[in-house]
Amino acid sequence: MHVLVIGSGAREHALLLALRRDPQVDGLSVAPGNAGTAAVADQYDVDVTSGDAVTALAQRVGADLVVIGPEVPLVLGVADAVRAAGIACFGPTRDAARIEGSKAFAKDVMTAAGVRTAGSEIVDNPAHLDAALDRFGPAAGQRAWVVKDDGLAAGKGVVVSADRDAARAHAAGLLEAGHPVLLESFLDGPEVSLFCVVDGETVVPLLPAQDFKRVGDGDTGPNTGGMGAYTPLPWLSAGMTARIVDEIVKPVASELVRRDCPFSGLLYAGLAITADGPAVVEFNCRFGDPETQAVLALLESPLGQVLLAAATGHLAGIAPLQWRDGSAVTVVLAAENYPGRPRVGDVIAGADRDGVLHAGTARRDDGALVSSGGRVLSVVGTGADLAEARRSAYATIDGIRLPGGHFRRDIGQAAADGAIGLGGQ
Ligand code: GLY
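Here goes a summary of the coordinates provided. Residue positions are given per chain, counted from 1 along the sequence in the order it is written. For this predicted model, a pLDDT threshold of at least 70 governs which residues receive local features, and a threshold of 80 or more governs which side-chain atom pairs are given and counted, while totals over whole chains, interfaces and linings are taken from all residues. Excluding hydrogens and water, the side-chain figures rest on all heavy atoms present in the structure.

Another aspect to go through is the nonpolar core. In terms of nonpolar packing, the biggest core is built from 73 residues, with V66, I99, V249, V252 and F283 touching the most fellow members. Considering every element that reaches this core, the biggest residue donor is helix α9 (residues 240-258), with 8 residues. The set of buried Ala, Val, Leu, Ile, Met, Phe, Trp, Tyr and Cys residues whose side-chain atoms join them within 4.5 Å is what this entry labels a nonpolar core. Only protein chains enter the accessibility calculation, which uses a 1.4 Å probe. A residue is then buried if its area is under 20% of the maximum for its type, exposed if over 50%, and partly exposed in between. Ranked by size, the runner-up nonpolar core spans 45 residues in total, among them L19, Y268, A297 and L303. Runs of H or I in DSSP of at least four residues are treated as helices and runs of E of at least two as strands, each being numbered from the N terminus.

Rendered as structure tokens:
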């Protein structure tokens, strides 16, 4: 099977490495890729937001399966174009991808499916903003205001703050830019990312993970696309994954079928485990980054066969997924000034090690590896337990040099210390 992977992040690097372990995968291509994926797959520079361009590439390389990593091509309907050409594609249709592309659509689906989620209100008129803010956050007895861009914002459209001025400024800025704003009630409880391979009403969960969205240790500073992750979650009860599947993911998958936009691909449930049980923070229509890098490090089942089964409507027939024992941790090395406008072009030294996945990297004409984006590398460590996986990841990242580069020192620390408090299990 020849697989074409679309995307350029460490998530796609991890997907390619996992696909390469599948004995039925004998060819790999990637577009546009990065300096690390170039060593794993044939690399092509095409416009991945164009359904025509991706389909033409899939035909040119003889792809049996196209796997679309990022949300933007999915929301634009690239998977629809690939399927229309008769090529199997792992990734939802444009209609189903609205579960991530429009938070208003996602809320409507969740309400219809009876799924627990934060109360919310859309504000699209600046004149209504102050009154709406009074109905949320500390003004309404909650810990903080949660202000989101209604559309796609690469994880950076969210502000969670107990400071009304900060919440208001973010909302006002979005409205000024013509973006509707979603105000949400604050969900109190540790967060979980549960990735599910979905084909219509068939749902196959992967290992639960937790990611770290703030840029600084101790969850300080602005939100990012994600600074690290670990899996599995030692503090999560054994039955919680099944409960999330039964109470949340299956009802949403069924509601999408009922609306005639069945989901096929990776449905990512971002959850808070509250005192009342799991509640949805957000849905995404693709693998999460950086959780995927940790989750796939423990996957033993053949990924290509699993994704092909979902893409061709045969997911219900696959064998139960097999996982390695132990833990995996991802730590993201980011460029100077990320999540603001990152400095690029810095030379990276020491990255040629096991467990190093590339994201914002490129080769200069002289062959030097240089930074080319905000999140530059993901370093993955595995071990018998979380403490060992953390030691492995940090030993690797400490050997890498990137001028101005920064990373969090506390990925998985609270869980390894047994310090995650739970109200909801
Ligand atoms: N880990 C956050 C995301 O992928 O959106």
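The next subject is the sheet that holds strand β1 (residues 2-7). At least two DSSP bridges between two strands are needed for those strands to be called paired. Pairing is parallel across the open sheet formed by 5 strands, whose spatial order is β3-β2-β1-β4-β5. Each edge of the sheet is formed by a strand with only one pairing partner; in this case those strands are β3 (42-43) and β5 (88-90). Across 3 bridges, the pairing between strand β4 (residues 65-68) and β5 is parallel. Bridging from a neighbouring strand, V67 pairs with F90 of β5. Note on definitions: a residue-residue contact is assigned when non-hydrogen atoms from the two residues lie within 4.5 Å. Every axis corresponds to a line fitted to the C-alpha atoms, with the helix fit spanning only the stretch in contact, and the corresponding angles, defined between N-to-C directions, vary from 0 to 180 degrees. Strands in contact with helix α2 (residues 51-61) are β1, β2 (27-32) and β4; relative to β1, the strand with the most contacts, it is inclined by about 155°. The strands touched by helix α11 (residues 303-311) within the sheet are β4 and β5, with β5 carrying the most contacts at an inclination of about 110°.

Before going further, it helps to spend a moment on the packing of helix α1 (residues 10-20) against α11. At a minimum axis distance of 7 Å, the contact between α1 and α11 shows a crossing angle of 105°. When the axes of α1 and α11 are compared, the pair comes out roughly perpendicular. Mapping the contact onto sequence places L15, A18 and L19 in α1 and L303, G304 and L307 in α11. Each residue gets one of three labels, nonpolar for Ala, Val, Leu, Ile, Met, Phe, Trp, Tyr, Cys and Pro, charged for Asp, Glu, Lys and Arg, and polar for the others, Gly among them. Grouping the amino acids of the contact of α1 with α11 by side-chain chemistry returns 5 nonpolar, 1 polar and no charged. Roughly parallel here means an angle under 35 degrees, roughly antiparallel means over 145, roughly perpendicular means 65 to 115, and every remaining angle is called oblique.

A few words on the pattern of salt bridges. Two side chains that carry opposite charge are able to pair once their charged atoms sit near each other. For this analysis, a salt bridge means a side-chain nitrogen from Lys or Arg found within 4 Å of a carboxyl oxygen belonging to Asp or Glu. Under the counting rule described, the total for this entry stands at 23 salt bridges. The shortest N-O distance in the salt bridge between R375 and D289 comes to 3.8 Å. Residue R375 is found in strand β22 (residues 375-383), and its partner D289 is found in the loop between β17 (277-284) and α10 (291-297); the two are separated by 86 residues along the sequence. Given the relative accessible area of 13%, D289 is considered buried. R343 serves as the salt-bridge partner of E336, at 3.3 Å between the closest nitrogen and oxygen. By relative accessible area, E336 is classed as partly exposed at 33%. Three or more residues are tied together by salt bridges with common partners; here these are D108, E255, R258 and R259.

The residue after T231, namely P232, is reached through a cis peptide bond having omega -15°. Of note, P232 is situated in the loop between β15 (228-231) and α9. Cis rather than trans, the peptide bond between D289 and P290 has omega equal to 20°. You will see that D219, though not glycine, has its phi angle at about 55°, which is positive. Using a relative accessible area of 46% as the deciding quantity, one classes D219 as partly exposed. Even without being a glycine, D260 presents a positive backbone phi close to 70°. Locating D260 in the fold gives a position in the loop between α9 and β16 (264-274).

Before going further, it helps to spend a moment on the site of the ligand. We call a residue near a molecule or strand whenever a single non-hydrogen atom of that residue lies within 4 Å of it. For the ligand, the full set of nearby residues is D211, G225, Y268, N284, R286, G288, D289 and E291. Take R286: an N or O atom from its side chain is 2.8 Å from an oxygen atom of the ligand. Contacts to the ligand include D289, whose backbone N or O atom sits 3.0 Å from an oxygen atom. Residue-level accessible areas treat just the shown protein chains as cover; the underlying method is Shrake-Rupley with a 1.4 Å probe. Protein coverage of the free-state accessible area of the ligand, which is 200 Å², stands at 90%. For the shell around the ligand, a count of residues per class yields 1 nonpolar, 3 polar and 4 charged. Side-chain atoms alone can form a polar contact between residues adjacent in sequence; in general such a contact is a pair of N or O atoms within 3.5 Å, and within protein one must be able to donate a hydrogen while the other accepts it.

Right, let's get into helix α8 (residues 164-176). Every helix has an expected span of 1.5 Å times one less than the residues it contains. Over its 13 residues, α8 runs 18 Å from end to end, which matches the ideal 18 Å to within 8%, given 1.5 Å per residue. For α8, the set of buried residues is A167, H170, A171, L174 and L175. Along α8, the residues classed as buried sweep out an arc of 135° about the axis, all on the same side. Residues of α8 that are exposed and point more than 90 degrees away from the buried face comprise D165, A169 and E176. A side-chain oxygen of the first residue of α8 lies 2.9 Å from the backbone nitrogen of D165; this N-cap is D163. Where α8 terminates, the next one or two residues include G178, which has phi positive at roughly 85°. The directions considered for the arc run from the helix axis to the C-beta atoms.

This part covers the packing of helix α6 (residues 103-113) against α9. Running from N to C, α6 and α9 cross one another at 105°; their axes reach a closest spacing of 9 Å. The orientation of α6 with respect to α9, classified from their angle, is roughly perpendicular. Judged by residue contacts, F105, V109, M110, A112 and A113 of α6 engage P251, V252, E255 and L256 from α9. Its residues placed into classes, the contact of α6 with α9 shows 8 nonpolar, no polar and 1 charged.

Mapped onto the elements, D47 comes out in the loop between β3 and α2. By relative accessible area, which is 43% here, D47 ends up partly exposed. Between the C-alpha atoms of D47 and P73, which are 26 residues apart in sequence, the distance is 9.6 Å. What D47 contacts, discounting residues up to four positions off in sequence, is A53 and V54.

Before going further, it helps to examine the packing of aromatic side chains. Each aromatic pair joins two rings of Phe, Tyr and Trp (for Trp, the six-membered one) with centres within 6.5 Å, and gets the label stacked for planes under 30 degrees apart, edge-to-face for over 60, and tilted for any other angle. Within the structure shown, the criterion is met by 5 aromatic pairs. Relative to F287, the ring of F90 has its centre 6.0 Å away and its plane inclined at 40°; by these criteria the two rings are tilted. With a gap of 197 residues between them, F90 in strand β5 and F287 in the loop between β17 and α10 connect regions that are remote in the sequence. Look at F90 and you get buried, because its relative accessible area is 2%. Aromatic side chains Y394 and F407 sit 6.1 Å apart centroid to centroid with 35° between the ring planes, which places their arrangement in the tilted category. Linking Y394 in helix α12 (residues 386-397) with F407 in the loop between α12 and α13 (413-416), this pair joins segments that are 13 residues apart in sequence. For Y394, a relative accessible area of 8% translates into the label buried. An aromatic cluster is present here, built from F90, F195, Y268 and F287 joined pairwise through their rings. In this scheme, Lys NZ or Arg CZ marks a charge over a ring once it lies within 6 Å of the ring centre and within 35 degrees of the ring normal. Sitting over the face of the ring of F105, R98 holds its NZ or CZ atom 4.1 Å from the ring centroid.

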